[in-house]
Amino acid sequence: MRCHTEIFRFMRTAGGTLVLELNATGQMSETSDKVSQPQAGTAAADMDPVEFTLRKRLPRKLPRRRNDVYVNMKTDFRAQLARCQKLLDAAGSGHREIYIHGLGLAISRAINIALQLQACSQGALQLAANTSTVELVDDLEPDDPDEGEVLTRTRNNSAIHIKVFYPDPK
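Residues numbered from 1 in each chain as written. Predicted model: local features only at pLDDT ≥ 70, side-chain atom pairs only at ≥ 80, totals over all residues. Heavy atoms only, no water.

Undergrad: Please explain the environment of Tyr 70 as it appears in this structure.
TA: Note that Tyr 70 resides in strand β4 (residues 68-71). Take Tyr 70: its relative accessible area is 22%, and that puts it in the partly exposed class. A C-alpha to C-alpha distance of 6.2 Å links Tyr 70 and Gly 102, two positions 32 residues apart in sequence. (Helix = DSSP H or I, 4+ residues; strand = E, 2+ residues; numbered from the N terminus. Buried < 20%, exposed > 50% of the residue type's maximum accessible area, 1.4 Å probe, protein only.)

Structure follows, in structure tokens:
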């Protein structure tokens, strides 16, 4: 299973779970330090901290077609723009339409790529955008196998799907 890993420290409380975030170096951030020092007499002070590894599963993707482009924030913007342009311009086998998909933070980048393609085509391309909400699943695996079982958490994230196409000639 492909996944992205981040380490968090969780403290179990009677009323739920209190999340304490670690920064990239594994050190607790200043805001987390304040939270990690609960006052005496509270339910959080009586509980032992348990460390979990947060594994963010990759989102379910739409069927992978040759004219689908999944935009992310890690790849260079110009490289993603060039890939879209190449799909539209391929001699003879060029696609009349491509679909640009963006999830979460990459929504603005997907919109920017679509608008750049439209501007470069001098208005020859048209855009049709649809938004959706994608359910994502995270696994919380305890660092110590004796601490408990793997927990699963679901969350929602926004997504955009932009159809970039040449209109049918009339």
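Undergrad: Teacher, can you tell me more about the environment of Ala 106 here?
TA: Its place among the elements puts Ala 106 in the loop between β5 (97-103) and α3 (107-120). Between the C-alpha atoms of Ala 106 and Met 73, which are 33 residues apart in sequence, the distance is 5.7 Å.

Undergrad: Explain the environment of Ile 113 here, please?
TA: Tracing the backbone through its elements, the reader meets Ile 113 in helix α3. Placed 31 residues apart in sequence, Ile 113 and Ala 82 show a C-alpha to C-alpha distance of 9.5 Å.

Undergrad: How should I be thinking about the pattern of salt bridges in this particular structure?
TA: Working definition: two side chains of opposite charge can pair if their charged atoms are close together. Within this structure, the stated rule accounts for 7 salt bridges. Residue Arg 57 pairs with Asp 139 through a salt bridge whose shortest N-O separation is 2.9 Å. Linking Arg 57 in strand β3 (residues 49-57) with Asp 139 in strand β6 (residues 126-142), this pair joins segments that are 82 residues apart in sequence. In this structure Arg 57 comes out as partly exposed when scored by relative accessible area, which is 32%. Residue Asp 139 is classed as buried on the basis of its relative accessible area of 5%. The shortest N-O distance in the salt bridge between Glu 97 and Lys 163 comes to 3.5 Å. (Salt bridge = Lys/Arg side-chain N within 4 Å of Asp/Glu carboxyl O.)

Undergrad: How do you make sense of unusual backbone geometry when you look at a structure like this?
TA: Among all residues save glycine, negative phi is the norm, and among peptide bonds the norm is trans. Residue Gln 122 is not a glycine yet carries a positive backbone phi of 55 degrees. Position of Gln 122 among the secondary structure elements: in the loop between α3 and β6. By relative accessible area, Gln 122 is classed as exposed at 75%.

Undergrad: Explain the side chain of Asp 68 here, please?
TA: Looking at the element boundaries, Asp 68 is found in strand β4. Looking at Asp 68, the relative accessible area reads 0%, which means it is buried. Only 3.1 Å separates the side chain of Asp 68 from the side chain of His 101, close enough to count as a polar contact. (Polar contact = N/O pair within 3.5 Å; in protein donor to acceptor, adjacent residues only side chain to side chain.)

Read these as layout, nothing more, since geometry by itself doesn't imply function.
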